[in-house]
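# Observations on the model geometry
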Amino acid sequence: MHQLFRLVLGQKDLSRAGDLFSLDDSEIEDSLTEALEQITIISSSSDYQTNNNDQAVVEICITRITTAIRETESIEKHAKALVGLWDSCLEHNLRPFGKDEDTPHAKIASDIMSCILQNYNRPPVMALAIPIAVKFLHRGNKEWGHGICRTTCLLPANYQADLLADHTEVIVKSDTPSICGLVLEAS
């Protein structure tokens, strides 16, 4: 892992987290999977939901990682770690505390979902993501469900049926059946 990621994530050093943006994307690209794995460990700690410093470090690092993935077009290389982090969010509270206040894990899930689902045209990424996306139809909020269903509508036709076939029942029973119905009709 890049030395700066090691410092920021290893010591949860918020004062240095912003320095990650001074690095070239290509300089950190080989470190992204390991950084995502470290974020999964940090965000799974028992005190993460109450530790503002750790939350801020994770948020900054996720922004830097997803930017580097997009700019280096390396989603396939890091998809397993991204999906792993996204899946780990399901083990935590995703329901808002207040009217519009997302939980720390809901914030992570939203950022990761956005990065992953922007790559709907990459079937290997979607093959990893769709099973987790389906889990979020029941655990997340309606906005997530609509985003997931819209994205599955965009999957290339030759992959769509295969990716969705095992999840038909869950999709139909989700909170977004009208949009998901379009997906199922298309497949």
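Going by the structure above, here's the rest.
Let me sum up the structure you'll find in this document.

Thresholds applied
Residues numbered from 1 in each chain as written. Predicted model: local features only at pLDDT ≥ 70, side-chain atom pairs only at ≥ 80, totals over all residues. Heavy atoms only, no water. 1 Å grid on protein atoms, 1.4 Å probe; cavity = no way out; pocket = protein on both sides within 12 Å on 5 of 7 lines; lining within 4 Å. Points joined across faces, edges and corners; volume = space filled by probe spheres on them. Helix = DSSP H or I, 4+ residues; strand = E, 2+ residues; numbered from the N terminus. Nonpolar A, V, L, I, M, F, W, Y, C, P; charged D, E, K, R; others polar. Axes fitted to C-alpha atoms, helices over the stretch in contact; angles between N-to-C directions. Parallel < 35°, antiparallel > 145°, perpendicular 65-115°, else oblique. Left-handed = near helix turned anticlockwise from the far one by under 90°. Contact = heavy atoms within 4.5 Å. Expected span 1.5 Å × (residues − 1). Buried < 20%, exposed > 50% of the residue type's maximum accessible area, 1.4 Å probe, protein only.

### A short note on the layout of surface pockets
Its volume calculated, the largest pocket comes out at about 220 Å³. Elements supplying a minimum of two residues to the lining of the largest pocket: helix 5 (52–72) and helix 7 (104–117). With 5 residues, the top contributor of residues to the lining of the largest pocket is helix 5. Class assignment for the residues of the lining of the largest pocket results in 4 nonpolar, 5 polar and 4 charged.

### Thoughts on the packing of helix 4 (residues 32–43) against helix 5
Packing of helix 4 against helix 5 brings their axes to within 11 Å, and their N-to-C directions diverge by 155 degrees. As the angle between them shows, helix 4 and helix 5 are arranged roughly antiparallel. The two elements helix 4 and helix 5 meet at a crossing, and its hand is left-handed. Here Leu32, Ala35, Leu36, Ile39 and Ile42 of helix 4 come into contact with helix 5, specifically with Asp54, Val58, Cys61, Ile62, Ile65, Ala68 and Ile69. The residue inventory of the contact of helix 4 with helix 5, partitioned by class, reads 11 nonpolar, no polar and 1 charged.

### Here we look at the packing of helix 5 against helix 7
Running from N to C, helix 5 and helix 7 point in directions that differ by 5 degrees, and their axes come no closer than 10 Å. Judged by the angle between their axes, helix 5 and helix 7 are roughly parallel. Of the residues in helix 7, those touching helix 5 at Gln55, Val58, Glu59, Ile62, Thr66 and Ile69 are Pro104, Lys107, Ile108, Asp111, Ile112 and Cys115.

### Brief notes about helix 7
Across its 14 residues, helix 7 extends 20 Å between first and last C-alpha, which sits within 8% of the 20 Å expected from 1.5 Å per residue. Of all 14 residues in helix 7, 10 are buried; the element is thus mostly enclosed. When we look at burial in helix 7, the residues that qualify are Pro104, His105, Ala106, Ile108, Ala109, Ile112, Met113, Cys115, Ile116 and Leu117.

### A few points about the environment of Ala56
Examined against the element boundaries, Ala56 turns out to sit in helix 5. For the pair Ala56 and Ala17, spaced 39 residues apart in the sequence, the C-alpha separation amounts to 8.9 Å.

The quantities given are spatial measurements derived from coordinates; they are silent on function.
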